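Descriptive analysis of the structure
For reference, the chains in residue letters:
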Amino acid sequence: MNAPSDSARIGQVAPLRVLHVVHGLSRGGLENGVVNLLNGLPHNEFHQSVACLDARGEMADRVSTQVPIQVLGRRRHDLALPLRLARLIRSIRPHIIHCRNWNTWPDTVLAHRLSACRSTLVWSFHGFADGHWFPRRRRVASRGLSLATDRLFAVCRDAAERFATLTSIPPERFDVLYNGVDCRRFAPSDQRAALRRALGFADDELVVLTVASLTPVKNHAALLEAAAQVVSGTRRRLRFLWLGEGAERARLEARIRELGLGARVQLPGGSDHVPRYLAAADLFVLPSELEGMSNAILEAMASGLPVVAHAVGGNPELVDHGHSGLLCPAGNVDALAGAIGRLVRNDAERAVMGAAARRRAEQIFSLEAMLVRYADFYRNAVPVVPHGVATPPR
């Protein structure tokens, strides 16, 4: 007799009430993952709701109407916030409370205690918003918060190990749940030639795409110096296209003019049409100095693009070096230029790596695989009684 599928096993237990605590649902990688989870987990098996501590955010408009969203309007030094969150917890009586990243953790731990509910408290680490900055007081507080939290996980092994080392939390306390990408939305296009023409790309132009905010940690400055080397070393017609916005724009534009690369490096800003650009591009480059689990790399892989990136954070867990892309050491512009130049010159290798990246995304990092991982994690996080019905909080 065949073993039951993951979905069948999930269906054997009663629906779980899951309260997601986030700072808000503004545009970002973490928030995109939350939205995918809210819309992707079966609504008859998971009754989900959201508490936005700060503001609602524009990505809330993508959430299914079956998922209630509460905005608590956190203010500076808002001592009453845990009380408001505790009241919400008591009204929902969730089996699981899942808060994300440090800016939701202290308030959620306190609200959980104040609510007197027996909910399982989960905290997940998705990366540092401010690069390497994490003050000592937060490191000390994290150890105490971890003792009041039932389950911890990170979105890649590197992030789990890095946070555990930084805070002296035992690394074995962390599970790892990889993000997932929608391999239907992000996919190679069978209308690629027409798509390229619609975006203004010439037939003989090789497009090197980067999707990242124009902030220091994304290190566009290093990519610009590498681009200058690549352009000077080839006769191919190249276009470096950077989708994103941020505080570094003016400085980068000035350097582009200094290098005389205005015709080769373009900064059109953010875009709501990233899947189209990925499907039309030839190569994806992410020069970040620090990454957690990069959604941008996942989307590029799903789109069938080989990836060049620095070997930092979770990137080595995503990119199979030499097979689906190339990794190089951070801080080495020559190595970055060499990796880009290698794939610019070699059409066959680029095609083989792009196909391998697509297969890897489908097999390991698909949205469907992510949803199964989360469903299993949530189910296993809650005690069950003999008949398989999740024990409700009191």
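Check the entry above for the structure.
What this report covers is the structure whose coordinates are included nearby.

About the cut-offs
Residues numbered from 1 in each chain as written. Predicted model: local features only at pLDDT ≥ 70, side-chain atom pairs only at ≥ 80, totals over all residues. Heavy atoms only, no water. Core = buried A, V, L, I, M, F, W, Y, C linked by side-chain atoms within 4.5 Å. Buried < 20%, exposed > 50% of the residue type's maximum accessible area, 1.4 Å probe, protein only. Helix = DSSP H or I, 4+ residues; strand = E, 2+ residues; numbered from the N terminus. Pairing = 2+ DSSP bridges. Axes fitted to C-alpha atoms, helices over the stretch in contact; angles between N-to-C directions. Contact = heavy atoms within 4.5 Å. Patch = residues over 30% accessible without salt bridge, like charges linked within 9 Å, V, L, I, M, F, W, Y side chains within 5 Å. Areas by Shrake-Rupley, 256 points an atom, 1.4 Å probe, with all protein chains shown as cover. Salt bridge = Lys/Arg side-chain N within 4 Å of Asp/Glu carboxyl O.

Here we take up the nonpolar core. By size, the foremost hydrophobic cluster in this structure holds 70 residues, and its most contacted members are Leu 85, Trp 105, Phe 163, Leu 209, Phe 284 and Ile 297. With 6 residues, the top contributor of residues to this core is helix 11 (residues 295-302). By size, the runner-up hydrophobic cluster in this structure holds 29 residues, among which are Val 208, Val 230, Val 285 and Ala 339.

Turning our eyes to something else, we now look at the sheet that holds strand 4 (residues 96-100). Note on sheets: strands pair through backbone hydrogen bonds, and any given pair is parallel or antiparallel. Ordered by their spatial adjacency, 7 strands build an open sheet running 3-2-1-4-5-6-7, and the pairing between neighbours is parallel. The open sheet has two free edges, formed respectively by strand 3 (69-71) and strand 7 (174-176), since each of these has just one partner strand. For this sheet, the mean angle separating the axes of adjacent strands, direction not counted, is 25°. Relative to strand 4, strand 1 (residues 16-22) runs parallel, the two being bridged by 4 bridges. Directly across from Leu 19, in strand 4, lies its bridge partner Ile 97. Across the face of the sheet, helix 6 (residues 157-167) comes into contact with strand 5 (120-125), strand 6 (151-154) and strand 7 while running at roughly 165° to strand 7.

A few words on the pairing of strand 13 (residues 325-328). Every second residue of strand 13 is oriented toward a common face, with Gly 325 and Leu 327 on one face and Leu 326 and Cys 328 on the other, all of them buried. Here strand 12 (residues 307-310) pairs with strand 13 via 4 bridges, running parallel. Residue pairing in the sheet places Val 307 in a bridge with Gly 325 of strand 13.

Among the secondary structure elements, Leu 223 is positioned in helix 8 (residues 220-232). Judged by its relative accessible area of 0%, Leu 223 is buried. With 13 residues separating them along the chain, Leu 223 and Thr 210 place their C-alpha atoms 9.6 Å apart. In contact with Leu 223, not counting residues within four places along its chain, are Thr 210, Trp 242, Val 285, Pro 287, Leu 336 and Ile 340.

The grouping of Leu 83, Leu 110 and Leu 114 at the surface amounts to a nonpolar patch, some 250 Å² of accessible area in total. Mapped onto the elements, Leu 83 comes out in helix 3 (residues 81-92). Classification of Leu 83 as partly exposed rests on a relative accessible area of 44%.

Right, let's get into the sheet that holds strand 13. As summarised here, the arrangement of the 6 strands in space is 10-9-8-11-12-13, forming an open sheet in which the pairing is parallel. Bordering the open sheet on either side are strand 10 (265-269) and strand 13, each of which pairs with just one other strand. The average angle at which neighbouring strand axes cross in this sheet is 20°, direction not considered.

Keep in mind these values describe shape, not function.
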